[in-house]
Amino acid sequence: MSANKTAIPVLGRLAVQMKLIDPQQLAQALQMPDAQQRLGPVLVEMGLINERQLEKLHAIQKDLIAKHKAKKAASVPQQAPAGAPAPVRPAPEPPARPAAPAPPAAPAAPPARKAPVQAVPVPDTAPPLVVARDGPSLGLQVAEPSDAHRQRLAQLLHDAVQSGASDVHVHAGATPKQRVNGTLEEMSPTPIPAEEAAQLVAAALSAAEREELGRAGEYDFCFELQGVGRFRANAYRQQRGFDAVFRSIDPEPPTLESLGLPQELERFTEYHQGMVLITGPAGCGKSATMAALVNLINETREEHILTVEDPIEVVHRSKRCLVNQRHAGRHTRSFARALRGALREDPDIIVIGELRDLETISLAMTAAETGHFVLATLHTNNAVRTINRMIGAFPSAEQGQVRTMLSESLRAVISQRLVPKADGSGRVAALELLVLNRAISNLVREEKTVQIRSAIQTGRNQGMYLLEQSLQELVRTGVVEKEVALRFAEDKKIITG
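This is a predicted model, so every value here is computed, not measured.

> So what exactly am I meant to see when it comes to the packing of aromatic side chains here?
Two descriptors summarise a pair of aromatic rings, namely the distance from one centre to the other and the angle between the planes of the rings. In the structure shown here, the tally under the stated rule is five aromatic pairs. Plain terms: the ring middles of Phe223 and Phe246 are 5.7 Å apart, the flat faces sit at 65 degrees to each other, and that makes the pair edge-to-face. A residue pair is termed long-range when its members are at least 10 positions apart, and Phe223 in strand E5 (residues 218-225) and Phe246 in strand E7 (residues 241-249) qualify at 23 residues. You'll find Phe223 and Phe246 in the same group, each marked buried. An aromatic cluster is present here, built from Tyr219, Phe221, Phe223, Phe231 and Phe246 joined pairwise through their rings. Seen from the ring of Phe242, Arg237 lies directly overhead, with NZ or CZ sitting 5.5 Å from the centre.

> Whenever I open this one, the packing of helix H12 (residues 399-409) against helix H13 (residues 438-445) confuses me. Can you help?
Angle between the axes and distance between the axes are the two parameters that describe a pair of packed helices. Between H12 and H13, the shortest axis-to-axis distance is 8 Å and the interhelical angle comes to 165 degrees. Regarding the angle of H12 to H13, the classification is roughly antiparallel. In this structure, H12 meets H13 at a crossing whose hand is right-handed. Packed against H12, whose contacting residues are Arg403, Thr404, Ser407 and Glu408, the element H13 presents Ser441, Val444 and Arg445 at the interface.

> I keep staring at the pattern of salt bridges and nothing clicks. Help me out?
Close approach of charged atoms lets side chains of opposite charge pair. The final tally for this structure, using the stated rule, is 23 salt bridges. Among the ionic contacts, a cluster of salt bridges with common partners joins Asp310, Glu354 and Arg356.

> In this structure, what is going on with the confidence of the model for the protein? I would like to understand it.
The predicted model of the protein has a mean per-residue pLDDT of 86, with 86% of residues at 70 or higher. Per-residue pLDDT, averaged within each element of the protein, yields its smallest value for strand E1 (residues 119-120) (41) and its largest for strand E8 (residues 274-279) (98). Contacts from residues 1-6, a stretch scored under 50 in pLDDT, to residues over four places away or in other chains number 10 contacts. When the criterion is pLDDT under 50, residues 80-125 qualifies, and its contacts beyond four places in sequence or with other chains add up to 30 contacts.

> It is not clear to me how the pairing of strand E14 (residues 427-435) should be interpreted in this structure. Could you clarify?
Put simply, side chains in a regular strand alternate between the two faces of the sheet. Counting buried residues along E14, eight of its nine residues qualify, which places the element largely inside the surrounding structure. Pairing analysis gives nine bridges linking strand E13 (residues 410-420) to E14, with the strands arranged antiparallel. Residue pairing in the sheet places Ser415 in a bridge with Glu432 of E14. Counted along the chain from E13 to the antiparallel partner E14, the turn is six residues long, and its residue Gly424 has a positive phi close to 75 degrees.

> Would you explain unusual backbone geometry in this entry?
Excluding glycine, residues mostly have negative phi values, and the peptide bonds linking residues are mostly trans. That bond from Asp310 to Pro311 is cis: its omega, -5 degrees, falls within 30 degrees of zero. Position of Pro311 among the secondary structure elements: in the loop between strand E9 (304-309) and strand E10 (322-327). Although it is not a glycine, Asn181 adopts a positive phi angle of roughly 55 degrees. With respect to the helices and strands, Asn181 occurs in the loop between strand E3 (177-180) and strand E4 (183-186). Using a relative accessible area of 34% as the deciding quantity, one classes Asn181 as partly exposed. With a phi close to 55 degrees, Asp346 is a non-glycine residue in the positive phi region. As for its placement among the helices and strands, Asp346 is situated in the loop between helix H9 (335-342) and strand E11 (349-352).

> Which parts of the structure should I look at to understand the side chain of Ser470?
With respect to the helices and strands, the residue Ser470 is situated in helix H15 (residues 467-476). Judged by its relative accessible area of 11%, Ser470 is buried. Of note is the side chain of Ser470, whose polar atom sits 3.1 Å from the backbone nitrogen of Leu431. If near-sequence neighbours (up to four positions away) are discounted, Ser470 is found in contact with Ala430, Leu431 and Tyr465.

> Can you walk me through the environment of Val308 in this structure?
Tracing the backbone through its elements, the reader meets Val308 in strand E9. Owing to a relative accessible area of 0%, Val308 belongs among the buried residues under this scheme. When the C-alpha atoms of Val308 and Arg326 are compared, they prove to be 4.9 Å apart, with 18 residues separating the residues in sequence. Those residues in contact with Val308 that lie beyond four places of it in its chain are Arg326, Ala328, Phe335, Ala338, Leu339, Val351, Ile352 and Gly353.

> Help me understand the sheet that holds E9, please; the structure alone is not making it clear to me.
In a beta sheet, neighbouring strands pair by backbone hydrogen bonds and run either parallel or antiparallel. If you walk across this open sheet you meet the seven strands as E10-E9-E11-E12-E8-E13-E14, and the pairing is mixed. Since the sheet does not close on itself, it has two edges, and those belong to E10 and E14, each with one partner. In this sheet, adjacent strand axes meet at a mean angle of 15 degrees when their direction is disregarded. Both E9 and E11 contribute to a ladder of four bridges, which runs parallel. Paired with Ile305 across the bridge in E11 is Ile349. Packed onto the sheet, H12 meets E8 and E13 and runs at close to 75 degrees relative to E13.

Analysis parameters
- Residues numbered from 1 in each chain as written.
- Predicted model: local features only at pLDDT ≥ 70, side-chain atom pairs only at ≥ 80, totals over all residues.
- Heavy atoms only, no water.
- Phe/Tyr/Trp six-rings, centres within 6.5 Å; stacked < 30°, edge-to-face > 60°.
- Helix = DSSP H or I, 4+ residues; strand = E, 2+ residues; numbered from the N terminus.
- Buried < 20%, exposed > 50% of the residue type's maximum accessible area, 1.4 Å probe, protein only.
- Lys NZ or Arg CZ within 6 Å of the ring centre and 35° of its normal.
- Axes fitted to C-alpha atoms, helices over the stretch in contact; angles between N-to-C directions.
- Parallel < 35°, antiparallel > 145°, perpendicular 65-115°, else oblique.
- Left-handed = near helix turned anticlockwise from the far one by under 90°.
- Contact = heavy atoms within 4.5 Å.
- Salt bridge = Lys/Arg side-chain N within 4 Å of Asp/Glu carboxyl O.
- pLDDT = per-residue confidence, 0-100.
- Pairing = 2+ DSSP bridges.
- Polar contact = N/O pair within 3.5 Å; in protein donor to acceptor, adjacent residues only side chain to side chain.

Now the structure itself:
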């Protein structure tokens, strides 16, 4: 890293340690104006982290600073009263000879497992967790859940699904909430005590998952409730206790029609080589759009689809295609390990749940270059930032070669937002579509990505349009109010009503 370690803000070091960014991305961010004073907002503006991740970093940073101050205060010796004799320190005792190691005790028989009432977080036949250890354990204690807490969690999630909620929030010391059409609603006026919140979170986890949550302080997972549905979830520890957020997943893969997406997206499933990226901020429906495209391929082609996800969200049954889904951390050690293996597993289509780091991005580009069709998601706000993010993930000395590789392997970028409808009936997707033709490939190769936005705006006859043009069409047809569209637009002049 080019920046001196002593000059790196604590927040930056935490972001690297938590693998939200890599050292090269941190070095790039530190070159931005005022990065030392406002590193967090800079990382968000560059699309390297989102607002929620920044909040977590601030909370961890605050906790570390408080612990450091307490430790420093404890290490300062108390001032002796005037005239008091100096304390006499006893001579150090010689070190005791170490005792011979005791023979290992026989492992205790595991406790009998209680049968869950409704929840089936992880079946007994699930393979063991394989987690890359990225630091010392936090040593957090996660309580053993009771049947009563499993019942209450099941009831909360059942009620949320019946209400059409996309997310359910269980927070220590706060009321349970659900997100309906993008708005958080209170499910009950009674706050959940910290002890009960910990039990509710634990009710969704297996013993191995509870251990990992206590070690790392957060954990991503999926689980099912019989008769209710499947959920993607994240459990984490915050200052008041344990929290969890559950995202409802349809039992069957969605279709473009069910998501309200234009049928023109079907053409992005017809490639046999190259890469298509689905991008947008958290909660914009990237995973659902990618699942709809995978389902379309599964129904129309006869090939091998291999997915790498963390965790597996939508379950795809093999239809015309052979579909194999792998959970990073459970079926394979990491995204990178799975992608290296994928090149020897004869896939035609490789689906990557999220391009998280330099190694994953590099392997995805290599797979797209070597005759595979790659579908992946990325947390960026628009098509131009997506390209800059892909290139900026690499060291500056390699970026020239990366530009050439990306200009040849990238086929399209689908960037999307979910915008509230004018009639209050839900949300509709507003899209930005970039198709890499020869002209745009040249702009990528020649480091002229700033001109790509203008090329998209004038490329409607080639199926390209800006997010603002999509928003303007929604306003024109009365689906979205102008004031709402303006909130999502970067170039507000395009939204004329």
